[in-house]
Amino acid sequence: MDLIEGLKKRREEKSKTHGRYAFLKHKEEIEEALDNGYNAIDIWEHLHNKGEMPIKYNQFTVYIRKLIGSRES
């Protein structure tokens, strides 16, 4: 039982930051795509379908607001 509990705890700890790391890995590309007129849902769908964005769309938009900022002039 200790093995299962340890693995579960490790998975939970990893998942808390895994999405943020994935976003940061693609931050410059995401920012460039936004600057070129692509919308957030299309960017997220592309990365998510490739298996490179393990977070839900809502969290993706939170990271855009917090880590990239508003795209409106």
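Before reading on, note that the structure itself is shown above.
Residues numbered from 1 in each chain as written. Predicted model: local features only at pLDDT ≥ 70, side-chain atom pairs only at ≥ 80, totals over all residues. Heavy atoms only, no water.

Draft legend 1. Geometry of the nonpolar core. Ranked by internal contacts, the top residues of the largest apolar core, which has 15 residues, are Phe 23, Ile 30, Leu 34, Ile 43, Met 53, Phe 60 and Ile 64. Where this core is concerned, the elements lending two or more residues are helix H1 (2-25), helix H2 (27-35), helix H3 (40-49) and helix H4 (57-68). With residues near it in sequence (within four places) discarded, Met 53 still touches Ala 22, Phe 23, His 26, Ile 30, Trp 44, Leu 47, His 48 and Phe 60. (Core = buried A, V, L, I, M, F, W, Y, C linked by side-chain atoms within 4.5 Å. Buried < 20%, exposed > 50% of the residue type's maximum accessible area, 1.4 Å probe, protein only. Helix = DSSP H or I, 4+ residues; strand = E, 2+ residues; numbered from the N terminus. Contact = heavy atoms within 4.5 Å.)

Draft legend 2. A look at the pattern of salt bridges. The full count for this structure, using the stated rule, is 2 salt bridges. Between Glu 31 and Lys 27 there is a salt bridge; the shortest N-O distance is 4.0 Å. Note that Glu 31 and Lys 27 are positioned in helix H2 at a spacing of 4 residues, about one turn of the helix. Residue classification places Glu 31 among the partly exposed residues on the basis of a relative accessible area of 26%. For Lys 27, a relative accessible area of 24% corresponds to the partly exposed category. The salt bridge involving Glu 52 is made with Lys 50; its shortest N-O contact spans 3.7 Å. A relative accessible area of 27% means that Glu 52 is categorised as partly exposed. (Salt bridge = Lys/Arg side-chain N within 4 Å of Asp/Glu carboxyl O.)

Draft legend 3. Quick peek at the packing of H2 against H3. Viewed as axis vectors pointing N to C, H2 and H3 meet at an angle of 140 degrees, and their least axial separation amounts to 10 Å. Relative to H3, the element H2 lies oblique. Crossing of H2 over H3 shows right-handed handedness. Contacts between H2 and H3 involve Ile 30, Ala 33 and Leu 34 from the first element and Ala 40, Ile 43 and Leu 47 from the second. Residue classes in the contact of H2 with H3 are distributed as 6 nonpolar, no polar and no charged. (Axes fitted to C-alpha atoms, helices over the stretch in contact; angles between N-to-C directions. Parallel < 35°, antiparallel > 145°, perpendicular 65-115°, else oblique. Left-handed = near helix turned anticlockwise from the far one by under 90°. Nonpolar A, V, L, I, M, F, W, Y, C, P; charged D, E, K, R; others polar.)

Draft legend 4. Spotlight on the environment of Tyr 57. As for its position among the elements, Tyr 57 is in helix H4. Sequence separation between Tyr 57 and Ile 41 is 16 residues; the distance between their C-alpha atoms is 7.1 Å.

Draft legend 5. Structural view of H3. The set of residues buried in H3 consists of Ala 40, Ile 43, Trp 44 and Leu 47. Viewed end-on, H3 has its buried residues packed into an arc of 95 degrees, placing them on one side of the element. Where H3 is buried, its residues contact H2 and H4. A positive backbone phi angle near 80 degrees is found at Gly 51, which sits one or two residues after H3. (Arc of directions from axis to C-beta.)

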